[in-house]
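Coordinate inspection notes
Residue strings, one per chain:
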Amino acid sequence: MKREGKTATAGGLDGETPPFERIVSDHGPLISRIAMSYEADPALREDLTQQIFLAVWQALPSYRADASLKTFIARIAQNRAISFVTRQVRQPPVAEMPERVESDQPTPEDKAIVASERRRLIEATRRLPLPQREVIILVLEGFSYAEIADMLNIAPNALALRLSRAKAALKKMLEGTP
């Protein structure tokens, strides 16, 4: 590719700009090193390097040979790298999203199953004889055996017997009901 304006020569002598391909081959390592000094992430560094090459390409018509071409390119690379890093700092961090995001919340199906099981347990509990129902409800509410025995004014052994019978009856009802 040749830029319009000054005539391109092989060496870029006499203030003339060499072909862009020559600039890339001669000054590409310089541009890469400058980009590397400003950006650690390989993907972002590649993006920065491409932006620097584009900026050099766009600035070539303004090259007046006041300084060496290397200095001209390095100045463009530094300025582009600084503006690139400044933009990166201002942007909120981006986290990659996995293809499938698992929720901590139960699925609607899980909620329906739990609700169905809860209804079955409540219905089965209602069918228990009153002394067993009292015991199982208080256990399900989280009361200790001592608290339940005290509330119902029964001996701990009687509580254990009622609870055992209530659990057996509930198990039989829940296994037999679809």
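Here we summarise the structure given alongside this text. Counting from 1, residues in each chain are numbered in the order their sequence is written. Local features in this predicted model are restricted to residues of pLDDT 70 or higher, and side-chain atom pairs are both shown and tallied only at a pLDDT of 80 or more, whereas totals for entire chains, interfaces and linings draw on every residue. Neither water nor hydrogens contribute to the side-chain values; these are computed over all heavy atoms in the structure.

**Quick look at the pattern of salt bridges**
So the rule is basically this: Should a side-chain nitrogen of Lys or Arg be within 4 Å of a carboxyl oxygen of Asp or Glu, the pair is scored as a salt bridge. Strands are runs of DSSP state E lasting at least 2 residues, helices are runs of H or I lasting at least 4, and numbering of each runs from the N terminus. Only protein chains enter the accessibility calculation, which uses a 1.4 Å probe; a residue whose area is less than 20% of its type maximum is buried, one above 50% is exposed, and one in between is partly exposed.
Overall, the coordinates contain three salt bridges when judged by the stated rule. A salt bridge links R162 to E134; the nearest nitrogen and oxygen atoms lie 3.9 Å apart. Highlighted residues: R162 in helix α7 (residues 156–176) and E134 in helix α5 (residues 130–140), separated in sequence by 28 residues. Judged by relative accessible area, which is 32%, E134 ranks as partly exposed.

**As for the nonpolar core**
For clarity, the threshold we go by: Buried Ala, Val, Leu, Ile, Met, Phe, Trp, Tyr and Cys residues that are joined via side-chain atoms within 4.5 Å together make up what is termed a nonpolar core.
Counting 22 residues, the largest nonpolar core has I52, V56, L60, L69, F72 and I73 as its most contacted members. Among the secondary structure elements, those contributing two or more residues to this core are α1 (20–38), α2 (42–59) and α3 (69–90). The greatest single-element share of this core, amounting to eight residues, is contributed by α3. Listed in part, the 13 residues of the second largest apolar core include V135, L138, I154 and M173.

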